Every structure is written in structure tokens, then in C-alpha cells.
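Working through the structure, step by step
One-letter residues, chain by chain:
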Amino acid sequence: SNATLLCPGDQVLINSNAFTEDVNYFWFEGISPNGILIEETEGPSLELTPSLGIHQYYVEVKGEGCNSNASTTLEIEVVPAPQAFIEDPFITICQGDDISLSTTVFDENFTYEWRGPDAYFSDEQFAKVINNASDVNAGQYSLIINNGACSSLPAIAEVIIFEPPVQPIIVG
């Protein structure tokens with residue numbers, strides 16, 4: 001759809017063209033001519049905080065005893081924010097091993113933002129693998145998922161890297 005996407009709680013300002021005559025603006029939710037009047041304003045703007053779901057709005061202008069035709073319909077969709085989830089939130093490896101981060105959360109419209117120590121960044125569902133990890137790669141990694149309108153809260157993974165024991169020496 002061509003709907004404007006919003007997050008829950010977002011406000012949106014909808015506007016009509018302004019008139020030089022003395023007019024009032026009648027704002028409706030729904031599809032003309034069966035919409036429900038939600039507000040009357042003297043100016044050509046209305047601020048809304050729509051609830052979750054798809055909403056249609058239109059406006060009519062009333063002047064000296066005459067009414068305009070209804071405007072075109074503006075569609076606004078309020079979508080829930082995605083929930084970020086990291087498959088393995090506690091990773092313990094030995095120095096020199098690889099770090100693999102991923103999420104099972106998928107939608108073709110989602111974008112991914114992984115961040116971590118040593119300026120780590122990846123924008124894929126299955127984050128780029130860190131090969132031959134060392135101490136600089138230890139710490140917290142975060143994942144934020146965006147659905148085109150809203151971002152998730154960050155999910156966190158903790159990576160602990162153990163140093164291998166010193167190579168033993170064998171004597172005979």
C-alpha cells in the first residue's frame with residue numbers, strides 16, 4: 001500500500017491546502033462519504049496520534065453556506081515495532097575462534113544493525129562472521145531491527161573470549 005507508516009504513539013500532522021475565504025475544515029476518518037467527523041478546525045492542519053492499524057482520513061471545507069467536495073483519502077498505517085532477538089546471547093569462545101551472530105527475526109522489509117567492540121558493524125540478518133577473534137572482539141554486541149517506520153529496542157549478546165593455555169612442552 002501507499003500508506004504513510006508510523007510507530008505506535010507517533011504524532012502526524014495532516015494538511016490541506018489553505019483558502020483565502022473564511023472557511024472551516026471538517027476532518028473525517030474513513031472513506032468519503034461515509035467517514036466519521038473527528039475534528040473541525042479553522043486552519044488547514046490537524047495533528048493526530050493514530051492507534052495501531054490502518055486509518056483513512058479526508059477533509060471537507062465549508063464556507064459561506066457551501067461545502068467543498070471531499071479531498072482525496074490519506075492512508076496512514078501504524079505498525080508495531082519489531083522485537084529484536086539474538087539467537088545465542090551468551091557466546092564463549094577461545095582466542096582464534098570465530099564469532100557468529102544471527103537472529104531468527106525476518107521480514108523482507110526489515111533492516112538490521114549490528115554493532116559491537118572494535119567498531120564492529122553489520123547490516124545483515126546473519127551478521128558478518130568475525131574470524132580469528134582476539135581480546136578486542138570481546139564484549140557486548142547489539143542488534144536493532146527496523147521495519148521501515150520503527151526500530152526495535154536493542155537485543156544484546158555478550159561475547160567472552162578465553163585465552164588458550166600456553167603450549168605444553170614435552171620432553172622425553
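Note that the structure is a prediction, hence the values are computed from the model and not measured.

Considering the side chain of E60
Summarising the element assignment, E60 is placed in strand β6 (residues 53-62). For E60, which is buried and forms no salt bridge, the nearest opposite charge comes from K62, at a distance of 4.6 Å. If near-sequence neighbours (up to four positions away) are discounted, E60 is found in contact with N24, Y25, F26, F28, S32, S68, N69 and A70.

Points about the sheet that holds strand β7 (residues 74-78)
Strand order across the open sheet formed by 5 strands is β1-β7-β6-β3-β4, with mixed pairing between neighbours. The outermost strands of the open sheet, each flanked by one partner alone, are β1 (4-6) and β4 (36-41). Taken pair by pair, the neighbouring strands of this sheet meet at an average axis angle of 30°, ignoring direction. As judged from the 5 bridges shared by strand β3 (residues 24-29) and β4, these two strands associate in the antiparallel manner. For Y25, the partnering residue across the bridge sits in β4 and is T41.

Section: the state of the cysteines
By definition, a disulfide links the sulfur atoms of two cysteines through a covalent bond. Taken as a whole, this structure holds 1 disulfide when the rule is applied. Here C7 connects covalently by a disulfide to C150, the sulfurs 2.1 Å from one another. With the S-S dihedral at roughly -130°, the linkage between C7 and C150 falls on the left-handed side. Here the residue C7 occupies a position in the loop between β1 and β2 (12-15), and C150 occupies one in the loop between β11 (139-146) and β12 (155-162), the gap between them amounting to 143 residues. Residue C7 shares its accessibility class with C150, and that shared class is buried.

Here we look at the nonpolar core
Core analysis: the largest hydrophobic core is formed by 21 residues, its most contacted members being I99, L101, W114, Y120, Y141, L143 and I145. Elements supplying a minimum of two residues to this core: β8 (90-94), β9 (111-116), β11 and β12. For this core, the element with the most residues is β12, which contributes 4 residues. The contacts of L143, once residues within four sequence positions are left out, are A84, F85, I86, T103, Y112, E113, W114, S152, L153, P154 and A155. Counting 13 residues, the second largest nonpolar core, distinct from the first, contains V23, W27, L46 and I76.

Comments concerning a negative patch on the surface
Residues D22, E39, E40, E42 and E64 make up a contiguous surface patch of negative charge. Within the secondary structure, E64 is located in the loop between β6 and β7. We classify E64 as exposed; its relative accessible area is 73%.

About the cut-offs
- Residues numbered from 1 in each chain as written.
- Predicted model: local features only at pLDDT ≥ 70, side-chain atom pairs only at ≥ 80, totals over all residues.
- Heavy atoms only, no water.
- Helix = DSSP H or I, 4+ residues; strand = E, 2+ residues; numbered from the N terminus.
- Buried < 20%, exposed > 50% of the residue type's maximum accessible area, 1.4 Å probe, protein only.
- Lys, Arg positive; Asp, Glu negative; His and termini not counted.
- Salt bridge = Lys/Arg side-chain N within 4 Å of Asp/Glu carboxyl O.
- Contact = heavy atoms within 4.5 Å.
- Pairing = 2+ DSSP bridges.
- Axes fitted to C-alpha atoms, helices over the stretch in contact; angles between N-to-C directions.
- Disulfide = S-S within 2.5 Å.
- Core = buried A, V, L, I, M, F, W, Y, C linked by side-chain atoms within 4.5 Å.
- Patch = residues over 30% accessible without salt bridge, like charges linked within 9 Å, V, L, I, M, F, W, Y side chains within 5 Å.
- Areas by Shrake-Rupley, 256 points an atom, 1.4 Å probe, with all protein chains shown as cover.
- Charge placed at Lys NZ, Arg CZ, Asp CG, Glu CD.

Function cannot be inferred from these measures alone, as they are strictly geometric.
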